[in-house]
Amino acid sequence: MSNHIDRRGFLVSVGAAAGAAATAGLTGGALGAVGQSQAGGAGVGARRAGRVCAISSANGVQTVAKAVERIRAGVDPALAVVEGVGIAEADPNDKTVGLGGRPNELGIVELDASVMHGPTHKAGSVASIQNIMHPAQVALKVLQYTDHVMIVGDGARKFAIAHGFKEEDLLTEETRQEWMRWRRHRSDIDDWLTDSQMDWKPDGTRPLTNAEKRAEIEERSAGTIHCSVVTPAGDLAGCTTTSGLAYKIPGRVGDSPIIGAGLFTDNEVGSAGATGRGEEAIQSCGAHSVVMEMAGGKDPTEACLAVLKKVADRVRRQRRLVDERGRPNFNLVLYAVRKDGAYGSACMIEGREFAVDDGNGARREKCAFLFEAR
Ligand code: GLY
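This structure is a prediction, so every number in the text was calculated from the model and none was measured.

Some remarks on the site of the ligand
- By nearness alone, every residue bordering the ligand is listed as Thr224, Gly244, Leu245, Arg252, Gly254, Asp255, Ser256, Gly276 and Gly278.
- The side chain of Arg252 places a nitrogen or oxygen atom 2.7 Å from an oxygen atom of the ligand.
- One of the backbone N or O atoms of Gly276 is found 2.7 Å from a nitrogen atom in the ligand.
- In isolation the ligand has 200 Å² of accessible area, and contact with the protein removes 96% of it.
- Residues that form the shell around the ligand fall into these classes: one nonpolar, six polar and two charged.

See the structure below:
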């Protein structure tokens, strides 16, 4: 195990303070202040208490900058995260979210999103929604205007239209061509010709190199955008939005819209989210587990690593998901921000980055990791 940061002594005292604050029914910035006094000026919590922080997946540098800008302008943290991830949802070049997201196996873009508001502990989410570019905004409407948490499929689309959202085809020319290529290479026992079977290639079609094939496999389950924030007053919110696993079975729902899996926010403790192989974030209650690890005293990075370790231990029971050394053959990335503004992220396999703006400008940092790259 690498990059294991041992700040347990300090953090246990913050965790205890969190529990005491929760038991006493304290709200808002109370914990930040308690954490600060307990820490006595030593450690991440003390250094950052009272400051804004936004953390996101690596595709969220603009997202964290926008979220921090909106929080500083006095906007509610849930609105700030939804506005922040909206940049990626509208970007046709981000093939893992919103417009230009990779489609399901039928060539239809199906989106999942969730948002959670710490101060009210209310969540909203949509799953398998089609033709709506900003599913996170629809999830926010579920949160604000309904007594429900999750609306799926055609119901979600109709709910969005009722709220004035515009329907549009989210497949771009580039993702359409990639999908058709995937379709042609899916099987040797159908009537589609693979690149190497084609006799006539007027458009210059050529077989992928092995490196391109590896990148395609890796990219299939990568992507998604998560963003968690804490305000200077210690209020939290989080949002996760995705087009999900590329070429998925229609109706497949990943972790992103599932509260506790791809997103969980507890205003007394922190907020966390996941990107990568959603099935494992679901089966480990990933984001909820990270927040619970923080409540137990771990710092955000330690909390993410602890959950990844559990995932890696459990997944050995499914042989197709591990390599010859018993290590997971997929990536999963966890992100967390604590109520005092401390932040951290970890990935299963070395090499991922995350985006953060803790008041010192938006930037990328390297994730801690559980396993070195092969
Ligand atoms: N983590 C995104 C998904 O699996 O759909």
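Alright, that's what it looks like, and here's the rest.
Considerations on the pairing of strand 11 (residues 353-357)
- Buried residues dominate strand 11, accounting for four of its five residues.
- In this structure, strand 1 (residues 53-57) lies alongside strand 11, joined through four bridges in antiparallel fashion. Paired with Ile55 across the bridge in strand 11 is Val356.
- In terms of strand pairing, strand 11 meets strand 12 (residues 363-366) through four bridges, oriented antiparallel. The residue of strand 12 that forms the bridge with Ala355 is Arg364.
- Here strand 11 hands over to strand 12 after five residues, with Gly359 in that stretch at a positive phi of 100°.

Here we look at the pattern of salt bridges
- Counting across every chain of the model gives 24 salt bridges.
- Asp313 is the partner of Lys309 in a salt bridge, and the nearest nitrogen-oxygen pair spans 3.1 Å. One end of the pair is Lys309 and the other is Asp313, both in helix 12 (residues 300-315) and four residues apart, which spans about a single turn.
- Taking the relative accessible area as the measure of exposure, Lys309 reaches 37% and is therefore partly exposed.

Notes on the packing of aromatic side chains
- Counting across every chain of the model gives two aromatic pairs.
- A centroid spacing of 4.7 Å and a plane angle of 20° characterise the contact between Trp182 and Tyr247, whose relative ring orientation is stacked. One end of the pair, Trp182, is in helix 8 (residues 173-184); the other, Tyr247, is in the loop between strand 6 (236-242) and strand 7 (263-266), with 65 residues separating them in the sequence. With respect to class, Trp182 is no different from Tyr247; both count as buried.
- We note Arg277 situated over the ring of Phe330; from NZ or CZ to the ring centre the distance is 5.6 Å.

Things to note about the side chain of Ser57
- Along the chain, the position of Ser57 falls in strand 1.
- The class of Ser57 is buried, set by a relative accessible area of 2%.
- A polar atom in the side chain of Ser57 sits 2.8 Å from the side chain of Asn59.
- There is a polar contact of 3.2 Å between the side chain of Ser57 and the backbone nitrogen of His226.

Thresholds, definitions, all that
Residues numbered from 1 in each chain as written. Predicted model: local features only at pLDDT ≥ 70, side-chain atom pairs only at ≥ 80, totals over all residues. Heavy atoms only, no water. Near = heavy atom within 4 Å. Polar contact = N/O pair within 3.5 Å; in protein donor to acceptor, adjacent residues only side chain to side chain. Areas by Shrake-Rupley, 256 points an atom, 1.4 Å probe, with all protein chains shown as cover. Nonpolar A, V, L, I, M, F, W, Y, C, P; charged D, E, K, R; others polar. Buried < 20%, exposed > 50% of the residue type's maximum accessible area, 1.4 Å probe, protein only. Helix = DSSP H or I, 4+ residues; strand = E, 2+ residues; numbered from the N terminus. Pairing = 2+ DSSP bridges. Salt bridge = Lys/Arg side-chain N within 4 Å of Asp/Glu carboxyl O. Phe/Tyr/Trp six-rings, centres within 6.5 Å; stacked < 30°, edge-to-face > 60°. Lys NZ or Arg CZ within 6 Å of the ring centre and 35° of its normal.

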